Amino acid sequence: MSRIGKSPITVPAGVDVKLSPGHISVKGPKGSLERVIPGDVGITIEQEGDTLTVARPNDENKTKALHGLTRSLVNNMVIGVTEGFKKELEIHGVGYRAEQQGPNKLRMNLGYSHTIDVEAPEGIVFEVPAQTSVIVTGIDNEIVGQVAANIRSLRKPEPYKGKGVRYAGERIIRKAGKAGKK
């Protein structure tokens with residue numbers, strides 16, 4: 001059995017979980033999230049007190065694959081409505097910077113001839129503690145990760161000088177430049 005799928009999910013106080021066939025909704029202090037459970041393979045979620053358990057009906061490959069995935073997605077929903085998620089981005093390069101135009105809008109100078117305006121989808125908030133740092137926060141882990149990846153893709157870090165937008169703590173493997181004639 002899946003080691004991830006069989007571990008129970010603890011529901012903290014203040015979080016309301018509603019289960020219906022093929023659907024789950026989680027409501028907490030930071031907001032509410034909904035998700036469709038893959039019902040065509042028979043994955044079920046049971047609630048006993050303050051714990052949720054994800055069960056699968058058989059050992060087919062597709063069912064086994066979706067067992068751990070469903071448990072992780074539901075766990076991320078519970079964590080999201082209680083604590084939230086955040087991704088930090090760093091901007092490296094001379095003249096590269098970000099400035100906040102509101103809680104859900106950024107203006108970025110990334111070495112192009114124009115500035116780039118980035119609007120956050122609903123539920124995502126940008127913070128700019130410094131001109132070279134951007135923090136993306138929200139309750140849905142998928143959307144937070146996708147918005148951070150979209151911002152990074154505006155100017156990916158290049159391997160020669162390391163200029164661009166990268167995740168906090170991301171290590172860029174540098175290449176040697178051209179060797180000059182001797």
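Position labels on residues start from 1 in each chain and follow its written sequence. Owing to the predicted nature of the model, reporting of local features is limited to residues with pLDDT of at least 70; listing and counting of side-chain atom pairs is limited to 80 or more, with chain, interface and lining totals taken over all residues. Each side-chain value is derived from all of the structure's non-hydrogen atoms; neither hydrogens nor water enter the calculation.

Q: Explain the pattern of salt bridges to me, please; I cannot follow it from the model alone.
A: Oppositely charged side chains can form a pair if their charged atoms are brought close together. By salt bridge we mean one thing: a side-chain nitrogen of Lys or Arg within 4 Å of a carboxyl oxygen of Asp or Glu. Within the structure shown, the criterion is met by seven salt bridges. With a shortest N-O distance of 3.0 Å, Arg56 and Asp59 are connected by a salt bridge. We call a residue buried when its accessible area falls under 20% of the maximum for its residue type, exposed when it is over 50%, and partly exposed in between, using a 1.4 Å probe and counting protein chains only. Classification of Arg56 as buried rests on a relative accessible area of 15%. Between Asp117 and Arg107 there is a salt bridge; the shortest N-O distance is 2.9 Å.

Q: How should I be thinking about the sheet that holds strand β10 (residues 116-119) in this particular structure?
A: Strands pair in a sheet through their backbones, by hydrogen bonds, and they do so in one of two ways: parallel or antiparallel. Two strands qualify as a pair provided that DSSP identifies no fewer than 2 bridges between them. Each helix corresponds to a stretch of at least 4 residues labelled H or I by DSSP, and each strand to a stretch of at least 2 residues labelled E; elements are numbered beginning at the N terminus. Read from one edge to the other, the open sheet built from three strands follows the order β8-β9-β10, with strand pairing classed as antiparallel. The open sheet has two free edges, formed respectively by β8 (97-102) and β10, since each of these has just one partner strand. Mean inter-strand twist for the sheet, computed between neighbouring axes without regard to direction, equals 25°. Across five bridges, β8 lies against strand β9 (residues 105-109) in antiparallel orientation. The residue bridging Arg97 from the neighbouring strand is Asn109, located in β9. Angles here are taken between N-to-C directions and fall from 0 to 180 degrees, while the axes themselves are lines fitted to C-alpha atoms, restricted in helices to the stretch in contact.

Q: How should I be thinking about the side chain of Arg152 in this particular structure?
A: With respect to the secondary-structure elements, Arg152 resides in helix α3 (residues 141-153). It only takes one pair of heavy atoms within 4.5 Å for two residues to be counted as in contact. Ignoring sequence-local partners within four residues, the contact set of Arg152 consists of Pro157, Val165, Arg166, Tyr167 and Glu170.

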